[in-house]
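# Coordinate inspection notes
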Amino acid sequence: MGRLTTHVLDIAAGRPAPGMRIRLTSLDTGAVLGEFTTNADGRLDAPALQGEDFKSGRYELLFMAGDYFRRIGAISGAIDGDGPDFIDEVPLRFGIKDASQHYHVPLLVSPWAYSTYRGS
């Protein structure tokens, strides 16, 4: 049975990112499918989607990275220390083609950069 999972690594600190809020939205319908917070290991306690809810389509995971970095007191992304942070909300848009597979969509993030990949 297919499922969608994620985790977040704070690559500036070299550790998981606990307490980061994440919103999952269907881009096909515009419906918010869930709101989550990462656990101490930077993961969700359960898949974001699974079973009958896990369908082919286009999705967005929106990671509230700026809130996380402000909460832990990380260096501001603003060049002079005043003004907006460089990294704030991180939207990852992706497609699910085969709903029988496991799609793992992690975020590697710092106050200055982010990346993702399709994991397993």
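Below you will find a few notes about this structure. Per-chain numbering applies: the sequence of each chain, read as written, is numbered from 1 onward. Since the coordinates come from a predicted model, pLDDT governs what is reported: local features require at least 70, and pairs of side-chain atoms require 80 or more to be given and counted, while whole-chain, interface and lining totals use all residues. Values reported for side chains reflect all heavy atoms of the structure, with hydrogen atoms and water molecules removed beforehand.

## Let's talk about the pattern of salt bridges
Here is the rule we go by: By convention in these notes, a salt bridge is any Lys or Arg side-chain nitrogen within 4 Å of a carboxyl oxygen on Asp or Glu. Each helix corresponds to a stretch of at least 4 residues labelled H or I by DSSP, and each strand to a stretch of at least 2 residues labelled E; elements are numbered beginning at the N terminus. Categorising residues by exposure relies on relative accessible area from a 1.4 Å probe, with only protein chains included: less than 20% of the type maximum marks a residue as buried, more than 50% marks it as exposed, and the intermediate range marks it as partly exposed.
A full pass over the atoms with the stated rule returns 7 salt bridges. When the shortest N-O distance is used, the salt bridge between Arg21 and Asp67 registers 2.5 Å. Taken together, the residues span a long stretch of sequence, with Arg21 in strand β4 (residues 21-26) and Asp67 in helix α1 (residues 65-72) at a distance of 46 residues. The exposure class of Asp67 is partly exposed, given its relative accessible area of 32%. Across the salt bridge formed by Arg23 and Glu35, the nearest N and O atoms sit 3.2 Å from each other. Placement of the pair is Arg23 in strand β4 and Glu35 in strand β5 (residues 32-37), with a sequence separation of 12 residues. By relative accessible area, which is 56% here, Glu35 ends up exposed. Through salt bridges that share partners, Arg21, Asp67, Arg70 and Asp88 make up one connected network.

## Some thoughts on the sheet that holds strand β3 (residues 15-16)
Rules: Following DSSP output, two strands are said to pair if at least two bridges run between them.
Strands sit in the order β3-β2-β10-β11 across an open sheet of 4 strands; the sheet is mixed. The open sheet has two edge strands with one neighbour each: β3 and β11 (114-116). Bridging between strand β2 (residues 8-10) and strand β10 (residues 107-109) involves 3 bridges; their strand directions are parallel. Bridge assignment links Leu9 to a residue of β10, and that residue is Leu108.

## Let's talk about the environment of Pro91
Counted only if it meets this: The contact definition used throughout considers only heavy atoms, calling two residues in contact when any of these lie within 4.5 Å.
Looking at the element boundaries, Pro91 is found in strand β8 (residues 89-96). Residues Pro91 and Phe63, spaced 28 residues apart in sequence, show a C-alpha to C-alpha distance of 6.4 Å. When neighbours within four sequence positions are excluded, Pro91 is seen to be in contact with Glu60, Leu61 and Leu62.

## Things to note about α1
Condition: Directions from the helix axis toward the C-beta atoms define the arc.
Among the residues making up α1, those that are buried are Ala65, Gly66, Tyr68 and Phe69. Mapping the buried residues of α1 onto a view down its axis gives an arc of 160°, with all of them on the same face. Against β2, β3, β7 (57-64), β8 and β10 lie the buried residues of α1. Looking one or two places after α1, you find Gly73, whose phi comes out positive at around 75°.

## Examining the sheet that holds strand β1 (residues 3-5)
Overall, mixed pairing links the 3 strands, which are arranged β6-β1-β9 in an open sheet. With partners counted over all chains shown, the strands left at the sheet margins are β6 (49-50) and β9 (102-104), one partner each. Where β1 lies against β6, 2 bridges are found, and the strand directions are antiparallel. Within β6, the residue paired with Arg3 across the bridge is Gln50.

## Some thoughts on the side chain of Thr5
Positionally, Thr5 belongs in strand β1. According to the relative accessible area criterion, Thr5 is buried, its value standing at 16%. Contacts of Thr5, omitting those with residues within four sequence positions, involve Pro47, His102, Tyr103, His104 and Val105.

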